[in-house]
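Residue-level listing of the chains:
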Amino acid sequence: EPEVTQTPSHQVTQMGQEVILRCVPISNHLYFYWYRQILGQKVEFLVSFYNNEISEKSEIFDDQFSVERPDGSNFTLKIRSTKLEDSAMYFCASMREEVYGYTFGSGTRLTVV
Amino acid sequence: QKEVEQNSGPLSVPEGAIASLNCTYSDRVSQSFFWYRQYSGKSPELIMSIYSNGDKEDGRFTAQLNKASQYVSLLIRDSQPSDSATYLCAVLNQAGTALIFGKGTTLSVSS
């Protein structure tokens, strides 16, 4: 069964450093998303991306965040200057059509120290 | 702010019983609703989607939707210990650009 692949599975970074989280969505999917989940809290929407541009972003997705689809397969989330409160599990998701729902990757656990 | 509310639980049921999970949402114009299962430390996994008022069945799972009451529920029949997880209710926003999740209900099925 096709999967959404995320790398790395765990990343530790120093506060103030830039991190790039990588995702390979399912190949025939057209819609891409980033979500985060702080430990013990709910899954929070960050950004949606379609047709090479952002469709919607949440209040969390401020100027420190950016997304890119640099080629036909990868979808990346960049955090420019990480803060302690950015520590969370980051999930990438993709969707072909709404009726099938989102397929989530296994996540990247980001720890900012 | 569009909200999706769930009782965090834990909901404890014995093996073989019916587990009933509930969700309410605030955006009256929402049209698409999803239930996800999340095991501890894992990513959400889609169980069911529902779009029309009434019931939708898939194996041991039944989703129920009442748009007038802004209420979605998930019934799990013949609950198994492997069903022990957090169940997330998610509602697609009006623009269709984002799924909004509730906090989830933790289900514990004892053998």
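Residues numbered from 1 in each chain as written. Chains lettered and ligands numbered in written order. Predicted model: local features only at pLDDT ≥ 70, side-chain atom pairs only at ≥ 80, totals over all residues. Heavy atoms only, no water.

Remarks on the interface of chain B and chain A
Okay, so step 1: Each side of the interface is counted separately: chain B has 22 residues, and chain A has 19 residues.
Okay, so step 2: Of the roughly 1,600 Å² buried where chain B meets chain A, counting both sides, 54% is carbon and sulfur surface.
Okay, so step 3: Inspection of the chain B/chain A interface yields zero salt bridges.
Okay, so step 4: Applying the counting rule to chain B against chain A returns eight residue pairs in polar contact (both at pLDDT 80 or more). (Contact = heavy atoms within 4.5 Å. Buried area = accessible area lost by both parts, 1.4 Å probe. Salt bridge = Lys/Arg side-chain N within 4 Å of Asp/Glu carboxyl O. Polar contact = N/O pair within 3.5 Å; in protein donor to acceptor, adjacent residues only side chain to side chain.)

Focus on the pairing of strand S4 (residues 31-37) of chain A
Residues and elements named next belong to chain A.
Okay, so step 1: Among the seven residues that make up S4, six are buried, leaving the element largely enclosed by the rest of the structure.
Okay, so step 2: Pairing analysis gives seven bridges linking S4 to strand S5 (residues 43-50), with the strands arranged antiparallel. Residue pairing for S5: Arg 36 is matched across the bridge by Glu 44.
Okay, so step 3: Once S4 ends, the chain turns through five residues before running back antiparallel as S5, passing Gly 40 with a positive phi of about 80°.
Okay, so step 4: One ladder, built from seven bridges, connects S4 with strand S9 (residues 88-95); its direction is antiparallel. Each residue of the ladder has a partner; that of Trp 34, found in S9, is Cys 92. (Buried < 20%, exposed > 50% of the residue type's maximum accessible area, 1.4 Å probe, protein only. Helix = DSSP H or I, 4+ residues; strand = E, 2+ residues; numbered from the N terminus. Pairing = 2+ DSSP bridges.)

Quick notes on the sheet that holds strand S8 (residues 75-79) of chain A
All names here are of chain A.
Okay, so step 1: Strands sit in the order S1-S3-S8-S7 across an open sheet of four strands; the sheet is antiparallel. Each edge of the open sheet carries a strand with a single partner, namely strand S1 (5-7) and strand S7 (65-68). Each adjacent strand pair in this sheet contributes to an overall mean axis angle of 20°, direction not counted.
Okay, so step 2: Where S1 and strand S3 (residues 19-24) come together, three bridges link them in antiparallel fashion. Bridging across to S3, Thr 7 finds its partner in Arg 22. (Axes fitted to C-alpha atoms, helices over the stretch in contact; angles between N-to-C directions.)

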